[in-house]
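Coordinate analysis (summary)
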Amino acid sequence: LSGVTETAIQGRILHVDLSAGKLWTEIPEQRQYRRFLGGRALALYFLLRELKPEADPLGPENIVVIAAGLLNGLPGPGIPKFSIASKSPITGGVGESEAGGFWGPALRFCGWDAVVIHGRAAKPVYLAIRDQEAYLESAEPTARMDTKQFQEQVRQQHQDARVLQIGLAGMNCVRFANVVNDLSFFNGRNGLGAVWGSKNLRAVVVQPSKRTLGGVDTTKVVEIAREASKKAQKNPLSSALHELGTAGGIAGANAGGVLPTRNWTTTVFEHAADISGERLRDQFLKKRHGCFACPIRCKGTVEITEGKWVVDPAFGGPEFESIAALGSLCGVGDMSAVCKANELCNRFGMDTISAGATIAFAMHCWEEGIITKDDVGYDLPFGTSEGLVQMVEDIAEKRRLGELLSEGSFRAAEKLGIRAQTLCRHARKQELPMHDARAKTGMALQYALSPRGADHWIAQHDPFFKDESSPGLTELAPLGINEPVDPKDLGPRKVQLFHQTQMLCSAYDTLGVCTLAAVARSAISLEEIRQMVEIAIGRKTSWYELLKCGERAVNMARVFNLRAGIGKEGDVLPEIFAANMRGGPGSGSGAIDTEKFRESVALFYRMSGWDENGVPAQAKLIELGISELTEIEASK
Ligand code: SF4
């Protein structure tokens, strides 16, 4: 495939061995691209091929795969996402996360589809890629800089480069450190930044000399982009995203009684109006921005120039998950403090969901007398803005209690004892995102069955399928989604819906499609995506092929976890959802029956072609064309 220019696929994979300081190019067979296309599926292919299941996530034997989404580089709407994968230091299983921005397209413009990083450097380094030339540079003098300082420094040498990096939290191997590009786009979850830090890898810097995929006829893509831009203005979901970002969901979640508050002790927050998307827009928003070629521009940039918390606009602004995790979950109703905590997470390179949830857990421990001022160094009850902001710094620097919390809430709770363990809200040791599974039961299936631990985007959310006129039914009908399903239903139809839409989301992650930009969440249609894929690969395709690729990736992730010793024991309902809700319209109801939930999981296994232990049948792996990659030694 080398030298192919009529498709988006570049036909080149860059390998880097940090231990030996060696770089080489792999030219994959065409069959690999046919099966794995890009993004998530391609990253999982390398993980299965290169990584020993018993590898220590923070040891040199772990690898880092960065794969451009198939559509990255086309000038189309909502297709900027690229994937990073490693063995996760949080879950011990597959670690994988997508980010938008400009970095994925820039990698493609340089002439690469993916980068695979092996080993560990003796001292901090960064990888520089200038078109097809790649080399390692010392990051020793800059290793302790914050993400903004580092980016500015690197750009002096590599003008206009796109900088994908970790911050101090990653260099310190904080277990939920993330990877950030352009200071405001994140491969957020699974502790991938800690893996980079353990390898002494500070950044991967790409500097393309051109801004197009030469040779690809993009006329049709430009047409689709123009149409999408018009549609995005008319579509109420897209325009709401543009106006408020995902932060627009805070007020509705609170009104519906599903806003996680004070470490999930209630789901109604009395200060919700103070941390709403509307408040953010009216008081703190400087401008809106977005990813490469996307007309929706859902990202907000926040600036605060005076008062207790000054916030630098270089780091973007908080979205729904960050506001809820750092705000209501910690009982903090001071929006400027939430913005500051968010800025610091971005400055140090930490996942805001895990950071907020871990601090909320510590605050709960404080309220219960499990930790005291002697442990923390200052007061840390629910609602303290000062404690929140200080603790973000303490975790990144591994100071005082911050050192224990830098391990994440699950491991901290193990050290703090049995009472603390009852306060930890997690799935596969990763902190829960800000969605209450009692009000949308598909989320319970997502949390339990996500191979990467608690995750809120491995399938589509239940409210999109509520009634006949819901966007899930109108827009996803071509996939055979025909009937509305009640968000609270947990019967066979909900399992079927989860099964169908997790393949769709897995396909989106493979193609580089943003789940916020595409249907059912927004305006980019299935047909437009299919047409862009045809242009990217230079041949016909169908959603049958694309969903199969999504399913392939789902099975590869499952097999990776089974090989790593993670089986059906992880496919369980987080305990908090077995109790009734407290607060709001659903108060006193909503508890999910654990036995019924187990039956739903068992049905999902059968639907997926997995045995009663959740192990993919050999016939399923053959059907998906991955049997040689995915031999499983023993049934878990
Ligand atoms: S919808 Fe938002 S996150 Fe998604 S591609 Fe567009 S700007 Fe980026």
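In this report, we go over the structure that sits alongside the text. Given the structure is predicted, the values throughout are model-derived calculations rather than measurements.

1. Describing the side chain of Ser525
Mapped onto the secondary structure, Ser525 falls in the loop between α21 (492-511) and α22 (526-537). What makes Ser525 buried here is its relative accessible area of 15%. Excluding its chain neighbours within four sequence positions, the residues that come into contact with Ser525 are Lys231 and Val519.

2. Examining the sheet that holds strand β9 (residues 162-165)
The sheet built from 6 strands is open, its strands ordered β8-β7-β12-β9-β10-β11 with mixed pairing. Each of the sheet's edge strands pairs with one partner strand only, and the pair in question is β8 (133-138) and β11 (185-187). Taking the axes of each pair of neighbouring strands and ignoring which way they run, one obtains an average angle of 20 degrees across the sheet. Two elements, β9 and strand β10 (residues 179-181), share 2 bridges in a ladder whose sense is antiparallel. Paired with Gln165 across the strands is Val180, a residue of β10. On the sheet, helix α4 (residues 147-157) packs against β7 (125-130), β8, β9, β10 and β12 (201-206) and is oriented at approximately 140 degrees with respect to β9.

3. Details of the packing of helix α19 (residues 442-449) against α21
The contact between α19 and α21 brings their axes to 10 Å, and the two run at 55 degrees. The orientation of α19 with respect to α21, classified from their angle, is oblique. For the crossing formed where α19 meets α21, the hand is right-handed. Contacts from Gly442, Leu445, Gln446 and Leu449 in α19 reach Lys494, Val495 and Phe498 in α21. Residue composition of the contact of α19 with α21, grouped by class: 4 nonpolar, 2 polar and 1 charged.

4. Comments concerning empty space enclosed by the protein
Within the structure shown, the criterion is met by 6 cavities of 30 Å³ or more. Of the volumes computed, that of the largest cavity is approximately 170 Å³. What lines the largest cavity is a set of 17 residues, and nearest its centre among them are Leu449, Ser450, Pro451, Gln502 and Val554. Mapped onto the lining of the largest cavity, the elements with two or more residues apiece are α21 and α23 (543-563). The residue inventory of the lining of the largest cavity, partitioned by class, reads 7 nonpolar, 4 polar and 6 charged.

5. A word on the sheet that holds strand β2 (residues 22-26)
Read from one edge to the other, the open sheet built from 6 strands follows the order β2-β1-β6-β3-β4-β5, with strand pairing classed as mixed. Bordering the open sheet on either side are β2 and β5 (94-99), each of which pairs with just one other strand. Taking the axes of each pair of neighbouring strands and ignoring which way they run, one obtains an average angle of 15 degrees across the sheet. The pairing of strand β1 (residues 13-17) with β2 spans 5 bridges and is classified as antiparallel. By the bridge assignment for β2, Ile13 is matched with Glu26. Each of β1, β2, β3 (64-68), β4 (82-87), β5 and β6 (114-118) is contacted by helix α2 (residues 39-50), which is oriented at about 150 degrees to β3, the strand it contacts most.

6. As for the pattern of salt bridges
Under the definition given, this model contains 45 salt bridges. With its nearest N and O atoms 3.4 Å apart, the salt bridge here joins Arg452 to Glu98. Taken together, the residues span a long stretch of sequence, with Arg452 in the loop between α19 and α20 (471-476) and Glu98 in strand β5 at a distance of 354 residues. Pair check on accessibility: Arg452 and Glu98 agree, each one buried. A salt bridge links Asp394 to Arg399; its shortest N-O distance comes to 3.0 Å. Each of the salt bridges in this network shares a partner with another, and the network as a whole consists of Arg40, Glu96, Glu98, Arg452, Asp455 and Asp509.

7. Side note on the layout of surface pockets
When its volume is computed, the second largest pocket comes out at roughly 540 Å³. Phe410, Cys424, His426, Pro574 and Glu575 are the residues nearest the centre of the second largest pocket, which is lined by 21 residues in total. Among the elements of the structure, α17 (409-416) and β15 (426-427) are those that each provide at least two residues to the lining of the second largest pocket. Across the lining of the second largest pocket, the residue classes break down as 10 nonpolar, 5 polar and 6 charged.

8. Some points on the site of the ligand
Around the ligand, the structure places Gly78, Pro80, Gly290, Cys291, Cys294, Ile296, Arg297, Cys298, Lys299, Cys514 and Ala517. The class makeup of the residues in the shell around the ligand is 7 nonpolar, 2 polar and 2 charged.

What counts as what
Residues numbered from 1 in each chain as written. Predicted model: local features only at pLDDT ≥ 70, side-chain atom pairs only at ≥ 80, totals over all residues. Heavy atoms only, no water. Helix = DSSP H or I, 4+ residues; strand = E, 2+ residues; numbered from the N terminus. Buried < 20%, exposed > 50% of the residue type's maximum accessible area, 1.4 Å probe, protein only. Contact = heavy atoms within 4.5 Å. Pairing = 2+ DSSP bridges. Axes fitted to C-alpha atoms, helices over the stretch in contact; angles between N-to-C directions. Parallel < 35°, antiparallel > 145°, perpendicular 65-115°, else oblique. Left-handed = near helix turned anticlockwise from the far one by under 90°. Nonpolar A, V, L, I, M, F, W, Y, C, P; charged D, E, K, R; others polar. 1 Å grid on protein atoms, 1.4 Å probe; cavity = no way out; pocket = protein on both sides within 12 Å on 5 of 7 lines; lining within 4 Å. Points joined across faces, edges and corners; volume = space filled by probe spheres on them. Salt bridge = Lys/Arg side-chain N within 4 Å of Asp/Glu carboxyl O. Near = heavy atom within 4 Å.

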